[in-house]
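Notes for the structure review
Spelled out from the first residue to the last, the chains are:
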Amino acid sequence: KAGVTQTPRYLIKTRGQQVTLSCSPISGHRSVSWYQQTPGQGLQFLFEYFSETQRNKGNFPGRFSGRQFSNSRSEMNVSTLELGDSALYLCASSLAQIRETQYFGPGTRLLVL
Amino acid sequence: QQPVQSPQAVILREGEDAVINCSSSKALYSVHWYRQKHGEAPVFLMILLKGGEQKGHEKISASFNEKKQQSSLYLTASQLSYSGTYFCGTEPAGSYQLTFGKGTKLSVIP
């Protein structure tokens, strides 16, 4: 069974730009969660999608948004990038509930200059 | 609110044991443990649910004290492959989201 895939793996952007990251969950998984990982803050929850609906949202500004498609693939978008948005963005999928085993993808490393 | 993990870092020799603790100020429904090696994605180790149910790898053991909102991960007879950063994720009752601690860096040396 193929694992969680994320594209692109690396991105360099400049302040003010926007970026879209993609996540394909494990086949059959309907819940997709997104996390931001930085050395200082660790793993921080961004949001979770299930059946194309955002079910939960963390404490991030509205510049961070996401969506989920009917095939469970998910995208997250960050608009008006700031230097502090530089991080590793991880997505994780599970069958249906966030309290089930989360399978993480390799992440997208975003550098904002 | 982030759970608090302790210790922040630990160095072990092969064969030694270690305990990593995770503490929350909120009433929890579940606690999750993951290990992340440098440059890799976090990998699932264990889920502990309120009520006593546990799911995880055979060689990993953990406990969940529901009254104290504390969990501990027990690593016995450590191997070099145990090196990495261990994260606990807590799911407060009714929140349906995971909040991770800042991690415990474990280094196992020969």
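Residues numbered from 1 in each chain as written. Chains lettered and ligands numbered in written order. Predicted model: local features only at pLDDT ≥ 70, side-chain atom pairs only at ≥ 80, totals over all residues. Heavy atoms only, no water.

**What to know about the overall build of chain B**
To keep it simple, the criterion reads: Strands here are runs of E lasting at least two residues and helices are runs of H or I lasting at least four, both read from the DSSP assignment and numbered beginning at the N terminus. Between the two quantities, the radius of gyration covers C-alpha atoms and the globule rule is 2.2 Å times the number of residues to the power 0.38. Accessibility here uses a 1.4 Å probe with only protein chains present; expressed as a share of the type maximum, an area under 20% marks a residue as buried, one over 50% as exposed, and anything in between as partly exposed. Note on areas: Shrake-Rupley with a 1.4 Å probe; residue coverage comes only from the protein chains shown. By the counting scheme adopted, Arg and Lys are positive, Glu and Asp are negative, and His together with the chain ends is not counted. Throughout, a charge is located at the NZ atom of Lys, the CZ atom of Arg, the CG atom of Asp or the CD atom of Glu.
A count of helical and extended segments in chain B gives 0 helices and 11 strands. When the helices and strands of chain B are read in sequence order from the N terminus, they spell out β-β-β-β-β-β-β-β-β-β-β. Its C-alpha radius of gyration of 13 Å places chain B within 12% of the 13 Å reference for a compact globule of 110 residues. When its C-alpha atoms are laid out on the principal axes, chain B stretches across 45 × 25 × 20 Å. Burial analysis of chain B (110 residues in total) assigns 47% to the buried set. Summed over its atoms, the accessible surface of chain B is roughly 5,600 Å², and 50% of this surface lies on carbon and sulfur atoms. If the 11 positive side-chain charges of chain B are averaged to one point and the 8 negative ones to another, these points end up 7 Å apart.

**Overview of the side chain of Gln69(B)**
Residues and elements named next belong to chain B. What counts here: Any pair of nitrogen or oxygen atoms within 3.5 Å is treated as a polar contact; in protein, a donor-acceptor pairing is required on top of that, and neighbouring residues in sequence qualify only through side-chain atoms on both sides. In this analysis, two residues are considered to be in contact whenever any of their non-hydrogen atoms come within 4.5 Å of each other.
Relative to the helices and strands, Gln69 resides in the loop between strand 7 (61–65) and strand 8 (70–75). Overall, Gln69 belongs to the buried group, its relative accessible area being 13%. Of note is the side chain of Gln69, whose polar atom sits 2.9 Å from the backbone nitrogen of Leu28. In contact with Gln69, not counting residues within four places along its chain, are Cys22, Ser23, Ser24, Lys26, Ala27, Leu28 and Phe64.

**Structural notes on the packing of aromatic side chains**
Basically, it comes down to this: Here a Phe, Tyr or Trp ring, Trp counted by its six-membered ring, pairs with any other such ring whose centre lies within 6.5 Å, and the pair is stacked when the planes are under 30 degrees apart, edge-to-face when over 60, and tilted otherwise.
All told, the structure shown has 9 aromatic pairs over all chains when counted by the stated rule. Arranged with centres 5.4 Å apart and planes meeting at 85 degrees, the rings of Phe104(A) and Tyr34(B) form a pair that is edge-to-face. Of the two residues, Phe104(A) is situated in strand 10 (residues 103–104) and Tyr34(B) in strand 4 (residues 28–36); the pairing between them involves two chains. When sorted by exposure, Phe104(A) lands in the same class as Tyr34(B), which is buried.

**A closer look at the interface of chain A and chain B**
Stated precisely, the cut-off is as follows: Buried area, as used here, totals the accessible surface that two parts lose on assembly, with accessibility defined by a 1.4 Å probe and the loss added over both. Side-chain classes are defined by residue name, with Ala, Val, Leu, Ile, Met, Phe, Trp, Tyr, Cys and Pro counting as nonpolar, Asp, Glu, Lys and Arg as charged, and the others, Gly among them, as polar.
Contact residues are listed per partner, giving 21 residues for chain A and 18 residues for chain B. Buried area between chain A and chain B, both sides added, is near 1,700 Å², and the carbon and sulfur share of it is 54%. Summed over the three residues of chain A that lose the most area to chain B, namely Leu43(A), Arg99(A) and Phe104(A), the buried surface amounts to 38% of that side. Inspection of the region where chain A meets chain B yields 4 residue pairs in polar contact (both at pLDDT 80 or more). Every element with two or more residues in the side of chain A that touches chain B is listed here: strand 4 (31–38), strand 5 (42–50), strand 6 (53–57) and strand 9 (87–94) of chain A. Here the side of chain A that touches chain B is built from residues that sort into 8 nonpolar, 9 polar and 4 charged.

**Examining the sheet that holds strand 3 (residues 19–24) of chain A**
Residues and elements named next belong to chain A. The condition is simple: For two strands to be treated as a pair, DSSP must find at least two bridges joining them. The convention used is that axes are lines fitted to C-alpha atoms, helices contributing only their stretch in contact, and that angles between N-to-C directions extend from 0 to 180 degrees.
The strand order across the open sheet formed by 4 strands is 1-3-8-7, and the pairing between neighbours is antiparallel. Every interior strand has two partners, whereas the edge strands, strand 1 (5–7) and strand 7 (64–68), have only one. In this sheet, adjacent strand axes meet at a mean angle of 20 degrees when their direction is disregarded. Relative to strand 8 (residues 74–78), strand 7 is paired through 5 bridges, and the arrangement is antiparallel. Bridge pairing links Ser65 to Asn77 in strand 8.

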